[in-house]
Amino acid sequence: QLQLVDSGGGLVQAGGSLRLSCAVSGTAFSINAMGWYRQAPGNQRELVAAITSGGSTNYADSVKGRFTISRDNAKNTVYLQMNSLKPEDTAVYYCKADMVPVVTLGSYDYWGQGTQVTVSS
């Protein structure tokens, strides 16, 4: 059974750094784009950063220059390095992957369980 397992959240002071990880558990026929989303209380879930299988990236304007997304295709893992964190970055962070579970099926979106990031001022 394919799953995403995300980790690395925590409590950090403003200006600090955290690194989130998200690993694919199980075997997929292929893994396409992967990304990180976040949802703060009372807000909709929003895209933070995404990366294609070829390594092309895009970021939300609010995190450009501070966050870096990367992936290790050999480990089926995506990372989010977050630097210069601000209190407004506080949210539950979710990873998402577009994966084909078996060759005979199409692709589906899979979500991690979420990891809490709290930035204190």
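Details of the structure are given in the entry above.
Treat the numbers as computed from the prediction; the structure is a model and nothing was measured.

Novice: I would appreciate a short explanation of the pattern of salt bridges in the present structure.
Specialist: Taken as a whole and judged by the stated rule, the model has five salt bridges. Here K64 ties to D61 by a salt bridge, and the two come within 3.1 Å at their closest N and O atoms. Connected through salt bridges with shared partners, the residues R38, E46, R66 and D89 form a single ionic network.

Novice: Teacher, can you tell me more about the state of the cysteines here?
Specialist: As used in these notes, a disulfide is a covalent bond between sulfur atoms, one from each of two cysteines. Summed over the entire model, instances satisfying the criterion amount to one disulfide. One disulfide bridge connects C22 with C95, the sulfur atoms lying 2.0 Å from each other. Since a negative S-S torsion denotes a left-handed disulfide, the C22-C95 link at about 50 degrees is right-handed. Taken together, the residues span a long stretch of sequence, with C22 in strand β3 (residues 18-25) and C95 in strand β9 (residues 91-100) at a distance of 73 residues. Exposure class is identical for C22 and C95. Each is buried.

So, how was this worked out
Residues numbered from 1 in each chain as written. Predicted model: local features only at pLDDT ≥ 70, side-chain atom pairs only at ≥ 80, totals over all residues. Heavy atoms only, no water. Salt bridge = Lys/Arg side-chain N within 4 Å of Asp/Glu carboxyl O. Disulfide = S-S within 2.5 Å. Helix = DSSP H or I, 4+ residues; strand = E, 2+ residues; numbered from the N terminus. Buried < 20%, exposed > 50% of the residue type's maximum accessible area, 1.4 Å probe, protein only.

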